[in-house]
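Take a look at the letters that make up each chain.
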Amino acid sequence: MAVVKADLVIKNGKIATVDKNFNYVEAVATKGGFIIDRGTNAEMEAYIGPDTKVIDAGGKLVLPGANDSHMHAVHTGYTLSPTFLDFSGPYYDSMDKILSKLKEACDKAAPGQWVFGCGFVDGNIKELAAENRIMNRWDLDPVSPTVPVAMTDFSLHSMVCNSKALEVAGIDKNYPEIPASIGMIDRDENGEPVGRFHEWGAQNLLCEKCPILSDGEIEDAIRRVQHALNEQGITSHTDILGEGGEHVFRGTWGTRPIHIYEKMAERGELTARVSINYFSAILGEESYDSIIRGTERIQGNIPEFKDKNWVKGDAIKFFVDLGGPTWQRKGVRPEGSFVTAWGLDEDKLITEVQRTIIELHRMGWQVCIHSCGGGSMDACIEGFAQANQLYPGKDLRHFLIHCDDTTKECAAEMVKNGVLAAIQPTAANIVFGWNTPVLTDKEEIFDYQAYTDLGACLTGGSDSTCFSMNWREGMQFCMTRTTADGYCARPDLAMKREDAIRMYTINGAYQEHMEHIRGSIEVNKVADFQILDKDVMTCPVTEIGSANVVMTICGGKVVYEA
């Protein structure tokens, strides 16, 4: 019998609890932002009082709020601003289309203002493809002679700028070469910078001279991205922030947004929960010394998180693969193609990466690593195994991000050593379409159900801004293994719907050590829900991606309504 009246009751729903048994109930009651009961409509009636908000789900599917286990949130919010140029999508297949949009922005730019954009794919631009090259500063100069321009490709790992931006940054033929652990500045045969910067350390060098966003502009970016996430039913997400990206993307990857998240949480202004992965590598340099020294400085550079249900930070993020070349397994990669973010030969690189993992583990940090190719995955998993053996008993839940070259053998090793996989099925959708070299064993690659059956914990994310935040599109790919362009590989390896839902809900909570408080619809967990206009548990698999969110609730409050 109810002893209190609820703040909120959802009734007449098909409510998937995503608990251990994946049960369904009709109704749920919440108070103070937490779930206090669930069951039948009749049972929840007792909680309804004169001040209770009652939502009639009308038989629609109700799920726990979704989690995005890997994204660049503040940066995404910035890209959603009116002045940012979005070049993503198939429309931008020629320099004429890109330059037309760029010229319009440059003509409107105020004195001293930079123009930023992202999303283009060099290989999709017909003029560049015909000449077998990538975009450079001379492509941009004709429409931007006096306005600094900086744009990243779809991966974010590679930035192109114009001559004016190089001038402002003081980067010319006499600029010293930088170590591979920082990145790469492309030059022509005469040593002249061509305006192309690869990886975060190199991008920091260019962007440290451009104006960063104000605190108010960062707050606006956070509001924009959280609204966009809520529109997709997402109520919790990660962000990659720290001094490794201090100057990248106008400060949206730096340390300041961490403090702003906390201030907004204290004011009750967040509409999604945030888990920070610290980019600790000093100015983006990928090396043991840089990552460890940066990690040691974190405690003095971050706020005290007063309510970790809303903002928390427990993980250190670093990179081993580059944005383009991946560290593939021996015998798979083309001869002479071994390139990584650390700029070391393979044997030394393995030693340094594993030494970094072991030291971060010893310090008590959860470690998350950008690892796409099979060679990098194998080396990192071995590092985690060594860390567990040297310093056992730590429930840190290390995870690899992307994991594009997972095999069943690799997944089994991850399970044995407690390593999670933060995957992006919407990205896999694109990778399948391109048929890139990571598709070494099509019967195993992206075989998410096989990994799950082995006991692997897969968490679903978007890697936004790179890919869509629509988690249903990712679920559809898991079910069909078919891209938007119709490319299909082994549809018989489809994932079970329940496991795909877990990937975007309870598994993401587990990655963040928050499965006790969110990720499923159970008593004493937070009141985070999404209501869909289509039942993705029963509809044709080809319609899952087009399901829309009609309402999102976070902490018992409606934060989005279609």
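Coordinates for the structure precede this section.
Residues numbered from 1 in each chain as written. Predicted model: local features only at pLDDT ≥ 70, side-chain atom pairs only at ≥ 80, totals over all residues. Heavy atoms only, no water.

### Re the overall build of the protein chain
Put simply, the rule is: Under the scheme used here, helices are H or I runs from DSSP no shorter than 4 residues and strands are E runs no shorter than 2 residues, and both carry numbers assigned from the N terminus. Contact definition: two residues touch when any of their heavy atoms are within 4.5 Å. Neither His nor the chain ends is counted toward charge; the positive residues are Lys and Arg and the negative residues Asp and Glu. The atom standing in for a charge is NZ when the residue is Lys, CZ when it is Arg, CG when it is Asp and CD when it is Glu.
Tallying secondary structure elements over the protein chain gives 18 helices and 24 strands in all. Sequence separation of 24 or more characterises 71% of the internal contacts of the protein chain that already satisfy a separation of 6 or more. Looking at the protein chain, you have 54 positive and 80 negative side-chain charges, and the mean spots of the two groups are 3 Å apart.

### A closer look at the sheet that holds strand β10 (residues 115–120)
Rules: A pair of strands counts as paired when DSSP detects no fewer than two bridges linking them. In this analysis, axes come from line fits to C-alpha atoms, helices being fitted only over the stretch in contact, and the angle between any two N-to-C directions falls in the range 0 to 180 degrees.
In space, the six strands of this open sheet follow the order β9-β10-β11-β12-β14-β13, with mixed pairing throughout. Strands at the two margins of the open sheet, each flanked by one partner only, are β9 (85–86) and β13 (184–187). Docked against the sheet, helix α7 (residues 200–207) engages β11 (149–153), β12 (158–161), β13 and β14 (193–198), running at close to 25° with respect to β12.

### Quick notes on the nonpolar core
Applied cut-off: Joining through side-chain atoms within 4.5 Å is the link that ties buried Ala, Val, Leu, Ile, Met, Phe, Trp, Tyr and Cys residues into a set, and such a set is a nonpolar core. In this scheme, a residue with accessible area under 20% of its type's maximum is buried, one over 50% is exposed, and one in between is partly exposed, where area comes from a 1.4 Å probe on protein chains only.
Ranked by internal contacts, the top residues of the largest apolar core, which has 124 residues, are Tyr261, Phe318 and Leu400. Beyond its immediate stretch of four places on either side in the chain, Leu400 contacts Ile369, Ser371, Met377, Cys380, Ile381, Phe384, Met414, Val419, Leu420, Ala421 and Ala422. If you look at the next biggest cluster of nonpolar residues, it comprises 21 residues, including Leu85, Met95, Ala105 and Leu128.

### Focus: the packing of aromatic side chains
Selection rule: Stacked, tilted and edge-to-face are the three classes assigned to paired rings of Phe, Tyr and Trp, where Trp is represented by its six-membered ring and a pair needs centres within 6.5 Å; plane angles under 30 degrees give stacked, over 60 edge-to-face, the rest tilted.
If you walk through the whole model with that rule in mind, you get 19 aromatic pairs. With a centroid separation of 6.4 Å and an interplanar angle of 70°, the aromatic rings of Tyr78 and Phe116 are classed as edge-to-face. One end of the pair, Tyr78, is in helix α2 (residues 73–79); the other, Phe116, is in strand β10, with 38 residues separating them in the sequence. You'll find Tyr78 and Phe116 in the same group, each marked buried. Plain terms: the ring middles of Trp200 and Phe319 are 5.7 Å apart, the flat faces sit at 55° to each other, and that makes the pair tilted. With a gap of 119 residues between them, Trp200 in helix α7 and Phe319 in strand β17 (residues 311–319) connect regions that are remote in the sequence.

### Remarks on the pattern of salt bridges
Rules: Salt bridges are identified by distance alone: a Lys or Arg side-chain nitrogen within 4 Å of an Asp or Glu carboxyl oxygen.
Per the counting criterion, the structure on display carries 34 salt bridges. With its nearest N and O atoms 2.9 Å apart, the salt bridge here joins Asp93 to Lys97. A residue is classified by how much of its surface remains accessible, and Lys97, at 27% relative accessible area, is partly exposed. For Arg397, the salt bridge is made with Glu515, and the minimal N-O distance between the two is 2.8 Å. One end of the pair, Arg397, is in the loop between α12 (374–390) and β19 (399–402); the other, Glu515, is in the loop between α18 (506–511) and β22 (529–532), and 118 residues separate them in sequence.

### Regarding the pairing of β10
For clarity, the cut-off: When the strands point away from the viewer and the path from the first strand over the helix to the second turns clockwise, the crossover is right-handed.
Buried residues dominate β10, accounting for six of its six residues. Regarding topology, helix α3 (residues 95–108) serves as the crossover connection from β9 to the parallel β10, and that connection is right-handed. One ladder, built from five bridges, connects β10 with β11; its direction is parallel. Bridge pairing in β11 places Gly117 opposite Met151.

### Section: the packing of helix α8 (residues 215–231) against helix α9 (residues 256–266)
As a reminder of what qualifies: Angles below 35 degrees are treated as roughly parallel, those above 145 as roughly antiparallel, those between 65 and 115 as roughly perpendicular, and all remaining angles as oblique. In this scheme, a crossing is called left-handed if the near helix is turned counterclockwise away from the far one by less than a right angle; it is called right-handed if the turn is clockwise. Three classes are used: nonpolar for Ala, Val, Leu, Ile, Met, Phe, Trp, Tyr, Cys and Pro, charged for Asp, Glu, Lys and Arg, and polar for all others, with Gly counted as polar.
In the contact formed by α8 and α9, the axes pass within 10 Å of each other and the chain directions differ by 70°. Taken together, the axes of α8 and α9 are roughly perpendicular relative to one another. α9 is crossed by α8, and the crossing has right-handed handedness. Along its contact with α8, which presents Asp215, Ile218, Glu219, Ile222, Arg223 and Gln226, the element α9 presents Arg256, Pro257, Ile260, Tyr261 and Met264. A class-by-class count of the residues in the contact of α8 with α9 yields six nonpolar, one polar and four charged.

### Observations regarding unusual backbone geometry
Across the chain, the bulk of peptide bonds are trans and the bulk of non-glycine residues have phi less than zero. Ser464 connects to Thr465 through a cis peptide bond whose omega is 25°. The topology assignment puts Thr465 in the loop between β21 (458–460) and α16 (471–480). In this structure, Asn12 is a non-glycine residue whose phi angle is positive, near 55°. Mapped onto the elements of the fold, Asn12 is located in the loop between β1 (8–11) and β2 (14–16).

### With respect to the environment of Pro303
Positionally, Pro303 belongs in the loop between α10 (288–296) and β17. Looking at Pro303, the relative accessible area reads 17%, which means it is buried. For the pair Pro303 and Val559, spaced 256 residues apart in sequence, the C-alpha separation works out to 26 Å. Apart from residues no more than four positions distant in its own chain, Pro303 is found in contact with Ile258, His259 and Glu262.

### As for empty space enclosed by the protein
Over the atoms, a rolled probe matching the size of one water molecule traces out where space is still vacant. The line we're drawing: Only protein atoms enter the 1 Å grid used here. Points where a 1.4 Å probe fits but cannot escape make up a cavity, open sets with protein on both sides within 12 Å along at least five of seven lines make up a pocket, and a residue lines them when an atom lies within 4 Å of a point. Grid points are joined across faces, edges and corners, and a volume is the space filled by probe spheres set on the points.
The full count for this structure, using the stated rule, is seven cavities of 30 Å³ or more. Its volume calculated, the largest cavity comes out at about 80 Å³. Around the largest cavity, the lining residues are Leu241, Gly242, Glu243, Thr255, Ile258, Tyr278, Phe279, Ser280, Gly294, Ile298, Asn301 and Ile302. Of the residues that constitute the lining of the largest cavity, the class distribution is six nonpolar, five polar and one charged. For the second largest cavity, the full set of lining residues is Pro64, Gly65, Asn67, Thr235, Ser236, Thr505, Arg518, Gly519, Ser520, Val526 and Asp528.

### Overview of the sheet that holds strand β3 (residues 24–25)
In spatial order, the strands read β3-β2-β7-β22-β23-β24; together these six strands make up an open sheet with mixed pairing. Taken across any chain shown, the strands that pair with only one partner, and hence form the sheet edges, are β3 and β24 (557–561). Note: β22 against strand β23 (residues 549–554), four bridges, orientation antiparallel. Note that in β23 the partner of Phe529 across the bridge is Ile553. Contacts from α8 reach β23 and β24 within the one sheet, and its direction differs from that of β24 by about 85°.

### Brief notes about α3
Test applied: In this scheme, a helix's expected span is set at 1.5 Å multiplied by one less than its residue total. Here, the arc refers to the directions that run from the helix axis to the C-beta atoms.
With 14 residues, α3 should reach 20 Å at 1.5 Å per residue; the first-to-last C-alpha distance of 20 Å fits that figure. Every buried residue of α3 is accounted for by Met95, Ile98, Leu99, Leu102, Ala105 and Cys106. For α3, the angular spread of buried residues about the axis comes to 125°, placing them on one side. Those residues of α3 that are exposed and aimed more than 90 degrees away from the buried face are Asp96, Asp107 and Lys108. The inward-facing, buried residues of α3 abut β9, β10, α4 (126–131), α5 (137–140) and β11.

Keep in mind these numbers describe shape, not what the thing actually does.
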